[in-house]
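# Structural characterization, general
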Amino acid sequence: MKLYHTLSQISFLKKSYAFKFLFVAFIGIHIPLIGILFFVLYFQHDISPTSILVFSLIMTLIATGLTLLILNRLIKPIAIASKALDDYRSSRTLSVLPTEYTDEAGLLMCNIQESIYEAETFINEKQDLIYMLSHDLKNFAGNPQGLARLIISENPTESVRNMAELICDSTDLQFRYIENFIKLLKEQDQVLKVNQDTKTILFPNILPFINEQVEQRLFDKKITLNLVLECVEAKLRIDEGLLIQVLVNLISNAVKFSYFDSEIKVRIYSENSKLILTVKDHGIGFDKNQIEELFKKFTKMSRLGTANESSTGIGLYLCKKIIERNKGRLSASSDGRNRGAEFKIEFDI
């Protein structure tokens, strides 16, 4: 930026980024010519044509190298603006760009800076509005539920009781939908704001945390969790806590759709410069044409588990978002209904 700043102080270059490039190119082109003139005029001995040719070639190479080096430094504002935009898109990082320049590059940095802050303000205001509306919707849904429970407490007729219970069930469903919606917003914020520096993940250290969170679900359905650890550690860009969350979600999903007294196999291994984590069950599975639908938020494939467990409709969507945000891939496969399913996470290492 020093070169760009220096050139921006020259009056006739101040307002044009193109003129800065042309000015540098003009100087670079004329360096060999100036050098040859000085060589011919001030060299005291006889000059052979070969000497002039060699000197011209040397000066041309030096001038070309210097010009390319300077032009490369001159595009620094574009590189800074591009990085600021990429940082915001990938991790919601707010960069501070210089906005005092008046040429095309300066206007680009200024517009990107304003756009980033406007987008951040819009996102925050939108989320605040959604949280507020969600809270109000819960209150609106709570009013009819309160009246329905009051009716039930008055020992009404069987038909009136049934209708009141239907109202309670309907409002409970609305509550769950609103809570899942708020959870989705919070989880997306967490995914976007996490630091994506490369770090070493020690798998033996995270397995106890995973076991602790899924232990009760496994016990309730008498399901065995078979952990196969063929890779002890890997350097990944994903946060350790997010990786635990994804694996817990995938295992919980496998438990939900597995039959009693079955087995879930989790395998962590490396293959062809890739780290692979798989979660495989022997449950109800799905058809191949339903794979894309699995990872959509509030998917139409939300269904009850084998023990009538409810589904939020956002678990797999969040897992895929987290993995893809951290430069990985999440896929699903199944041989068909009642033939189990396998979810695979892949990271390049």
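One structure accompanies this document, and this report is about it. (Residues numbered from 1 in each chain as written. Predicted model: local features only at pLDDT ≥ 70, side-chain atom pairs only at ≥ 80, totals over all residues. Heavy atoms only, no water.)

### As for the overall build of the protein
The secondary structure content of the protein amounts to ten helices and seven strands. Looking at the 349 residues of the protein, the share that counts as buried comes to 38%. By sequence separation, contacts in the protein at least 24 residues apart represent 70% of the contacts at least 6 residues apart. If you sum the accessible surface of the protein, you get close to 20800 Å²; carbon and sulfur atoms cover 58% of it. (Helix = DSSP H or I, 4+ residues; strand = E, 2+ residues; numbered from the N terminus. Buried < 20%, exposed > 50% of the residue type's maximum accessible area, 1.4 Å probe, protein only. Contact = heavy atoms within 4.5 Å. Areas by Shrake-Rupley, 256 points an atom, 1.4 Å probe, with all protein chains shown as cover.)

### Overview of the pattern of salt bridges
Going through the model one piece at a time under the given rule, you end up with six salt bridges. Among the ionic pairs, Asp 348 bridges to Arg 329, the shortest N-O distance being 3.4 Å. With Asp 348 in strand E7 (residues 341–348) and Arg 329 in strand E6 (residues 328–333), this residue pair connects regions lying 19 residues apart in the sequence. (Salt bridge = Lys/Arg side-chain N within 4 Å of Asp/Glu carboxyl O.)

### Some remarks on the environment of Arg 325
Summarising the element assignment, Arg 325 is placed in helix H10 (residues 315–325). Judged by its relative accessible area of 24%, Arg 325 falls in the partly exposed class. It is 9.5 Å that separates the C-alpha atoms of Arg 325 and Arg 237, two residues lying 88 residues apart in sequence.

### Description of the environment of Gln 213
When you line up the elements, Gln 213 lands in helix H7 (residues 203–220). When the C-alpha positions of Gln 213 and Ile 251 are compared, they lie 9.8 Å apart, and in sequence the two are 38 residues distant. Ignoring anything within four residues of it in the chain, the contact list for Gln 213 reads Ile 244 and Val 248.

### Comments concerning unusual backbone geometry
The phi torsion at Asn 155 lies on the positive side, around 55 degrees, for a residue other than glycine. Residue position: Asn 155 is located in the loop between helix H5 (104–153) and helix H6 (158–193). Positive phi, close to 60 degrees, is recorded for Asp 261, a residue that is not glycine. Position of Asp 261 relative to the elements: it lies in the loop between helix H8 (240–256) and strand E4 (263–271).

### Considering a nonpolar patch on the surface
Together, Val 54, Ile 58, Ile 62, Leu 66 and Leu 69 make up an exposed nonpolar region whose accessible area comes to about 430 Å². With respect to the helices and strands, Leu 66 occurs in helix H3 (residues 49–74). Take Leu 66: its relative accessible area is 41%, and that puts it in the partly exposed class. (Patch = residues over 30% accessible without salt bridge, like charges linked within 9 Å, V, L, I, M, F, W, Y side chains within 5 Å.)

### Notes on the packing of H7 against H8
In contact at an axis separation of 10 Å, H7 and H8 are set at 35 degrees when each is read in the N-to-C sense. Here H7 and H8 pass one another in a crossing that is right-handed. For the pair H7 and H8, the contacting residues are Phe 203, Ile 206, Phe 209, Ile 210, Gln 213, Val 214, Arg 217 and Leu 218 in the first and Glu 240, Leu 243, Ile 244, Leu 247, Val 248, Ile 251, Ser 252 and Val 255 in the second. In the contact of H7 with H8, the residues fall into twelve nonpolar, two polar and two charged. (Axes fitted to C-alpha atoms, helices over the stretch in contact; angles between N-to-C directions. Left-handed = near helix turned anticlockwise from the far one by under 90°. Nonpolar A, V, L, I, M, F, W, Y, C, P; charged D, E, K, R; others polar.)

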